[in-house]
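# Chain and residue survey
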Amino acid sequence: MKINQIYQLFLKSSGVCTDTRSLKKDNLFFALKGTNFNGNEYASQALKKGAAYAIVDEKKYDESERHIFVNDALSALQELASYHRKQLGIPIVALTGSNGKTTTKELINCVLSTKFNTVATKGNLNNHIGVPLTLLSMSEHTQMGIIEMGANHIKEIAFLSDITNPDYGYITNIGKAHLEGFGGIEGVLKGKTELYEHLRKNNNLIFLNAEDQKLSKAAAAIKKYTFSQKDESDVTIKLLKSNPMVSVLYKNKIIESNLIGSYNFTNVAAAIAIGNYFKIEEKNIKTAIESYIPENNRSQIINKNQYTIILDAYNANPSSISVALDNFEQQQYDSKTVFLGDMFELGHESEKEHQKIVDQALSLSFDTIYLIGHNFYATKSDDARIKKFNSYEGLANHWSPQTEKQAIFIKGSRGMKLERILELL
């Protein structure tokens, strides 16, 4: 069946689904495959549960007129999303970057939704499946889309850009994330700026932090709308303080966010600048930024027993840990303890980057530094403040309740699941 025919079925459906556990009546079920599952095996079950049709890509599962056979179910999902995007004809803002994508996307959505009916990427569903699903969740009532795009290899952002066809783009920053897949920091720059290249080819606009030298150079030949702390930018937004929460000055208005650390300043500033471009009223921008409360282990401040905990355990890479450690050092607490978990996908740079983080932590005024995971365990230090454990379980077995009041910072890659430390405190 051709994609325009599937699209007609989509328009009559209640949406798309790739998991029978979340299926709704009259959904189109796409039988995707993964390392440990084959969606084709669930196609008949999906129909029994109320799906309108099941899109399969193995002939033996093409059992009735409600089973629709395609060569590849994932490709069909992506083609359908691209086709739907063309029919929508609405402005879409796409963003990517090494750090801060999800927080920035949430802030942009908070601001733009004060004026427009928006649809934004849910959580961090920002890959080759999540992006199509987000596009397909948009309807004729949607006035603007905000799409987060993630990648760990060259050409992934280019591919997602082709599906999304954004009118506007923003790159948060270029950092030491997914070095293994990108082949180094220059590969990260090349991969992330594939978004710029797509926008340039289509004569579309980028939003740019004018103080980011790497991205400013990459954006030299593209239409842009800039923000910075300097008056020569299109929008001037000044950092007032970041201890503990980020406060900014925008058009003589003080905006006080619920985000900790100076590294969140550009995330807030980007949302303000984009709101300004789309003519959101200043009072609405202020209300939107101030109403956003981080969750899902991202820069959350939690008070528990005698501890003030900064939980930033959603993910980590050398760039994000480095700025977060500097920020924690500047916070005004009497006693400071850090828990750091291994950083993944660093390839041959892993040993060096983990050691650099340990050296940085030791140069700062922390009372105790807990290192968790095989990579951090292999680092070298004879400083008494360092406590090393091969795993979370090793830490848990060693841990004994503390009595003194202290501030705690927790950060590590997603696979480390360091939010479990809350159970110990």
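If you're wondering where the values come from, they're calculated on a predicted model, not measured in any experiment.

### Here's the deal with the UniProt feature "binding site: ATP" (unreviewed entry) in the protein chain
According to UniProt, the feature "binding site: ATP" (unreviewed entry) maps to Gly97, Ser98, Asn99, Gly100, Lys101, Thr102 and Thr103 in the numbering used here. In the annotated set above, the residues contributing to the lining of the largest pocket are Ser98, Asn99, Gly100, Lys101, Thr102 and Thr103. Tracing the sequence through the fold places serine 98 in the loop between β7 (92-96) and α4 (101-112). Classification of serine 98 as buried rests on a relative accessible area of 9%.

### Quick word on the environment of phenylalanine 69
Looking at where phenylalanine 69 falls in the secondary structure, it is placed in strand β6 (residues 67-69). In this structure the C-alpha to C-alpha distance between phenylalanine 69 and lysine 283, which are 214 residues apart in sequence, comes to 52 Å. Once residues lying within four places of it in the same chain are set aside, the contact partners of phenylalanine 69 are Met1, Val56, Asp57, Glu58, Lys59 and Asp62.

### Focus: the sheet that holds strand β21 (residues 406-411)
Strand order in the open sheet made by the six strands is β16-β17-β21-β18-β19-β20, with mixed pairing throughout. Each edge of the open sheet carries a strand with a single partner, namely β16 (300-304) and β20 (386-389). Strand-to-strand twist of the sheet, defined as the mean angle between neighbouring strand axes without regard to direction, takes the value 15°. Examined bridge by bridge, strand β17 (residues 307-311) and β21 share five bridges and lie parallel to one another. Of the residues in β21, the one forming a bridge with threonine 308 is alanine 407. Against the sheet, helix α14 (residues 350-362) contacts β18 (336-341), β19 (368-372) and β20, and its axis sits at roughly 165° relative to β19.

### Quick notes on the pairing of strand β11 (residues 205-209)
Of all the five residues making up β11, five are buried; the element is thus mostly covered by neighbouring parts of the structure. Going residue by residue along β11, you find Leu205, Phe207 and Asn209 tucked away on one face and Ile206 and Leu208 tucked away on the opposite face as well. Relative to strand β12 (residues 223-228), β11 is paired through five bridges, and the arrangement is parallel. When the bridges of β12 are listed, leucine 208 appears paired with threonine 226.

### A few points about helix α12 (residues 282-291)
Of the residues making up α12, those classed as buried are Ile285, Ala288 and Ile289. Looking straight down α12, one finds its buried side chains confined to an arc of 95°; they lie on one side. Turned more than 90 degrees away from the buried face of α12 sit Lys283 and Thr287, all of them exposed. Where α12 is buried, its residues meet α4, β14 (245-250), β15 (253-260) and α11 (265-277).

### Some points on the sheet that holds strand β1 (residues 16-17)
Read from one edge of the open sheet, four strands run β1-β2-β5-β6, paired in parallel fashion. The open sheet has two free edges, formed respectively by β1 and β6, since each of these has just one partner strand. The strands that helix α1 (residues 3-12) touches are β1, β2 (28-30), β5 (53-56) and β6; relative to β2, the one it contacts most, it runs at about 130°. Contacts from helix α3 (residues 73-88) reach β1, β2 and β5 within the one sheet, and its direction differs from that of β2 by about 130°.

### Here's the deal with α4
For α4, spanning 12 residues, the distance from its first C-alpha to its last is 16 Å, which sits close to the expected 16 Å at 1.5 Å a residue. Within the sequence span of α4, burial applies to Lys101, Thr102, Thr103, Thr104, Lys105, Leu107, Ile108, Asn109, Val111 and Leu112.

### Notes on the side chain of threonine 121
Note on placement: threonine 121 falls in the loop between β8 (118-120) and α5 (130-136). Threonine 121 sits in the buried class, given a relative accessible area of 2%. Filtering out sequence-adjacent residues up to four positions away, threonine 121 remains in contact with Lys105, Glu106, Asn126, Thr134, Ile146, Ile147 and Glu148.

### Looking at the nonpolar core
In terms of nonpolar packing, the biggest core is built from 69 residues, with Phe30, Leu80, Leu325 and Leu340 touching the most fellow members. For this core, the leading source of residues is α3, giving six residues. Among residues more than four places away in sequence, those in contact with phenylalanine 30 are Val16, Cys17, Thr18, Ile55, Ala73, Ala76, Leu77 and Leu80. Ranked by size, the runner-up nonpolar core spans 37 residues in total, among them Tyr168, Tyr170, Val235 and Val268.

### Examining the packing of α4 against α11
Direction vectors running N to C along α4 and α11 enclose 30°, while the axes themselves pass 9 Å from each other. With respect to their mutual orientation, α4 and α11 come out roughly parallel. The element α4 and its partner α11 pack so that their crossing is right-handed. Facing Thr103, Thr104, Leu107, Ile108, Val111 and Leu112 of α4, the residues of α11 in contact are Asn267, Val268, Ala270, Ala271, Ile274 and Gly275.

### Quick look at unusual backbone geometry
Even without a glycine there, the phi angle at asparagine 252 is positive, about 65°. Here asparagine 252 shows up in the loop between β14 and β15. The exposure class of asparagine 252 is exposed, given its relative accessible area of 77%. Backbone geometry places glutamate 345, a non-glycine residue, at a positive phi of 60°. For glutamate 345, the location among the structural elements is in the loop between β18 and α14. Under the relative-accessibility criterion, glutamate 345 is labelled partly exposed at 35%.

### Here we look at the packing of aromatic side chains
Counted according to the given criterion, the structure contains 19 aromatic pairs. Geometrically, the ring pair formed by tyrosine 225 and tyrosine 277 is edge-to-face, given 4.9 Å between the ring centres and 70° between the ring planes. Here tyrosine 225, found in strand β12, pairs with tyrosine 277, found in helix α11; they are 52 residues apart in sequence, far enough to count as distant. Overall, the relative accessible area of 28% leaves tyrosine 277 in the partly exposed class. With a centroid separation of 6.5 Å and 45° between ring planes, the pair formed by phenylalanine 328 and tyrosine 333 is classed as tilted. On the basis of relative accessibility, which here comes to 1%, the residue phenylalanine 328 falls in the buried class. For tyrosine 333, a relative accessible area of 25% puts it in the partly exposed group. Through a chain of ring-to-ring contacts, the aromatic side chains of Phe116, Tyr168, Phe207, Tyr225, Tyr277 and Phe278 assemble into a single cluster. Above the ring of phenylalanine 69, the side-chain terminus of lysine 59 is found at 4.4 Å from the ring centroid.

About the thresholds
- Residues numbered from 1 in each chain as written.
- Predicted model: local features only at pLDDT ≥ 70, side-chain atom pairs only at ≥ 80, totals over all residues.
- Heavy atoms only, no water.
- UniProt positions renumbered as here; feature names shortened; annotations may be inferred.
- 1 Å grid on protein atoms, 1.4 Å probe; cavity = no way out; pocket = protein on both sides within 12 Å on 5 of 7 lines; lining within 4 Å.
- Helix = DSSP H or I, 4+ residues; strand = E, 2+ residues; numbered from the N terminus.
- Buried < 20%, exposed > 50% of the residue type's maximum accessible area, 1.4 Å probe, protein only.
- Contact = heavy atoms within 4.5 Å.
- Pairing = 2+ DSSP bridges.
- Axes fitted to C-alpha atoms, helices over the stretch in contact; angles between N-to-C directions.
- Arc of directions from axis to C-beta.
- Expected span 1.5 Å × (residues − 1).
- Core = buried A, V, L, I, M, F, W, Y, C linked by side-chain atoms within 4.5 Å.
- Parallel < 35°, antiparallel > 145°, perpendicular 65-115°, else oblique.
- Left-handed = near helix turned anticlockwise from the far one by under 90°.
- Phe/Tyr/Trp six-rings, centres within 6.5 Å; stacked < 30°, edge-to-face > 60°.
- Lys NZ or Arg CZ within 6 Å of the ring centre and 35° of its normal.

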